[in-house]
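Take a look at the letters that make up each chain.
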Amino acid sequence: MESCDAAHRAWLEPLREAYLESELTMSVLSRHLLMAKSKISELMSGRLYPRWELLGALAAELGVPAGPLYRLWRQAAPELRRKSRVWHDERSSEAIAVRPAPPMDHTAFRALTETGYDFYASVFLPDPQREAAVRDTYDQLWLSWPKALASADTRRHAWTMLRATVMSRTPLIDGRPQFTHTAFDTVALRRLSGPENVEAAVEQLTETEALFRAMSRLPGHQLDVIVLRSLGGMTEEEVSDLLGVPLATVRSDERHAIRFLDSILCSPPTDPEGTIS
């Protein structure tokens, strides 16, 4: 499964967990589904990207919700399958994926977190990738909802899932997330719109891009706090609640992040010889 990409693992990991928790053997599944054990094994290992007919039958046997599984399966389908006749024929299989409502507590959790999740994703991803990342996060969460509820903190469990989903789709340079496109949509730049403010807008854009480049060097947990606090305008308490971490952790992460950013952005410039100018 290590060779699978993030989108493939998004539906495969919850399916594997459901199989292990079911205590069913490959032999039992093979008899129930009239399916070769080798094919089930390939599917579970990630070596086989299955047709929905096969995956849907296995999900029904394991009690996995068909709706979110279908959406994640379709999202992750290789490009070759998307263009193939088989893929287009299987679009009609969507009717098979009966979509019952998610658990009530999952729905309530989504209502409480979706605005924050949507903003965070928008910093790193343009539309429609932002919408897809948030939607896929909640589908993944639905598939593994019992595990989320059993975790030390459901909010932290879900945030980890959101962050992984967003970062898997964010362009990277030297391993750091690139989100300078967001610099063009800051509040400061919107206020400086208009031909009479071109010079001020260019200066502001340059400063903002430098800030975002420095932010990309922050550790993940510090970056999240700075994005939500400085770009999202959230209070410390709101960030603590969204991330599922103590208030003291939010304050500590913000303090260390600001100290690092100041050291980068406020350092005196150097000339090509490396001396302070």
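The structure we're discussing is the one just above.
Residues numbered from 1 in each chain as written. Predicted model: local features only at pLDDT ≥ 70, side-chain atom pairs only at ≥ 80, totals over all residues. Heavy atoms only, no water.

Enquirer: Please explain unusual backbone geometry as it appears in this structure.
Expert: With an omega of -5 degrees, the peptide bond between Asp127 and Pro128 qualifies as cis. Of note, Leu34 is a non-glycine position whose phi angle comes to about 55 degrees, a positive value. Among the secondary structure elements, Leu34 is positioned in the loop between α2 (26-33) and α3 (37-45). Unlike most non-glycine residues, Asp174 shows phi in positive territory, near 55 degrees. Structurally, the position occupied by Asp174 is in the loop between β1 (172-173) and β2 (176-177). (Helix = DSSP H or I, 4+ residues; strand = E, 2+ residues; numbered from the N terminus.)

Enquirer: Can you help me understand the nonpolar core in this one?
Expert: If you look at soluble globular proteins, the nonpolar side chains tend to sit buried side by side. Among the nonpolar cores identified, the biggest contains 37 residues, and Tyr117, Tyr120, Phe124 and Met215 are the most heavily contacted of them. Contributions of two or more residues to this core are made by α8 (104-124), α9 (129-143), α10 (145-150), α11 (154-167), α13 (198-215), α14 (220-231), α15 (236-243) and α16 (247-265). When near neighbours in sequence (up to four residues on either side) are disregarded, Tyr117 contacts Phe109, Val134, Thr137, Tyr138, Arg155, Ala158, Trp159, Leu162 and Leu242. Counting residues in each nonpolar core, the second largest holds 27 residues, with Trp11, Leu33, Leu58 and Leu72 among its members. (Core = buried A, V, L, I, M, F, W, Y, C linked by side-chain atoms within 4.5 Å. Buried < 20%, exposed > 50% of the residue type's maximum accessible area, 1.4 Å probe, protein only. Contact = heavy atoms within 4.5 Å.)

Enquirer: Is there a simple way to explain the side chain of Gln140 in this structure?
Expert: Structurally, Gln140 can be placed in helix α9. If sequence neighbours within four positions are ignored, Gln140 has contacts with Ala10, Leu72, Met161 and Thr165.

Enquirer: Hey, could you run me through the side chain of Ser144 in this one?
Expert: Within the secondary structure layout, Ser144 lies in the loop between α9 and α10. Within the structure, Ser144 has its side chain in polar contact with the backbone oxygen of Gln140 (distance 3.0 Å). Once residues lying within four places of it in the same chain are set aside, the contact partners of Ser144 are His157 and Met161. (Polar contact = N/O pair within 3.5 Å; in protein donor to acceptor, adjacent residues only side chain to side chain.)

Enquirer: Just to check I follow, could you spell out the pattern of salt bridges for this structure?
Expert: Two side chains of opposite charge can pair, provided their charged atoms sit close to one another. Within the structure shown, the criterion is met by 14 salt bridges. Asp127 is paired through a salt bridge with Arg130; the nearest N and O atoms lie 2.5 Å apart. Given a relative accessible area of 12%, Arg130 falls into the buried group. One network of salt bridges, with partners in common, ties together Asp118, Asp127, Arg130 and Glu131. (Salt bridge = Lys/Arg side-chain N within 4 Å of Asp/Glu carboxyl O.)

Enquirer: Which parts of the structure should I look at to understand α8?
Expert: Taking 1.5 Å per residue as the helical rise, α8 with its 21 residues ought to reach 30 Å, and the 30 Å between its terminal C-alpha atoms agrees with that figure. Listing the buried residues of α8 in full gives His106, Phe109, Thr113, Gly116, Tyr117, Tyr120, Ala121, Val123 and Phe124. Buried residues along α8 sit against α9, α10, α11, β2, α14 and α15. (Expected span 1.5 Å × (residues − 1).)

Enquirer: I'm lost on α15 in this one. Help?
Expert: Two residues of an α-helix separated by three or four positions point the same way, owing to the 3.6 residues in each turn. The complete set of buried residues in α15 reads Val239, Ser240, Leu242 and Leu243. For α15, the angular spread of buried residues about the axis comes to 170 degrees, placing them on one side. At the C-terminal side of α15, Gly244 shows a positive phi close to 75 degrees. (Arc of directions from axis to C-beta.)

Enquirer: What's the story with the packing of helix α4 (residues 52-62) against helix α5 (residues 66-76) in this structure? I'm lost.
Expert: How two helices sit against one another is set out by the angle between their axes and by the gap between those axes. In contact at an axis separation of 11 Å, α4 and α5 are set at 150 degrees when each is read in the N-to-C sense. Classed by the angle they form, the pair α4 and α5 counts as roughly antiparallel. In the crossing of α4 with α5, the sense of the turn from one axis to the other is right-handed. Within the contact between the two elements, α4 uses Trp52, Leu55 and Ala59 and α5 uses Ala66, Leu69, Tyr70 and Trp73. (Axes fitted to C-alpha atoms, helices over the stretch in contact; angles between N-to-C directions. Parallel < 35°, antiparallel > 145°, perpendicular 65-115°, else oblique. Left-handed = near helix turned anticlockwise from the far one by under 90°.)

Enquirer: Whenever I open this one, the packing of helix α1 (residues 6-22) against α5 confuses me. Can you help?
Expert: The N-to-C vectors of α1 and α5 enclose an angle of 155 degrees; their axes lie 8 Å apart at closest approach. By the criterion of interaxial angle, the relationship of α1 to α5 is roughly antiparallel. For the pair α1 and α5, the crossing hand works out as left-handed. In this structure, α1 uses Ala7, His8, Ala10 and Trp11 to contact α5, whose residues at the interface are Leu69, Leu72, Trp73 and Ala76. Residues belonging to the contact of α1 with α5 are distributed by class as follows: seven nonpolar, one polar and no charged. (Nonpolar A, V, L, I, M, F, W, Y, C, P; charged D, E, K, R; others polar.)

Enquirer: Quick question: what am I supposed to make of the packing of aromatic side chains here?
Expert: Each aromatic ring pair is characterised by the separation of its centres together with the angle its planes make. For the coordinates displayed, the defined rule picks out nine aromatic pairs. Taken together, a centroid distance of 5.5 Å and an interplanar angle of 20 degrees make the contact between Tyr117 and Tyr138 stacked. Of this pair, Tyr117 sits in helix α8 while Tyr138 sits in helix α9, and the two are 21 residues apart along the sequence. With respect to class, Tyr117 is no different from Tyr138; both count as buried. With a centroid separation of 5.6 Å and an interplanar angle of 70 degrees, the aromatic rings of Tyr117 and Trp159 are classed as edge-to-face. You can see Tyr117 sitting in helix α8 and its partner Trp159 sitting in helix α11, a full 42 residues away along the chain. (Phe/Tyr/Trp six-rings, centres within 6.5 Å; stacked < 30°, edge-to-face > 60°.)

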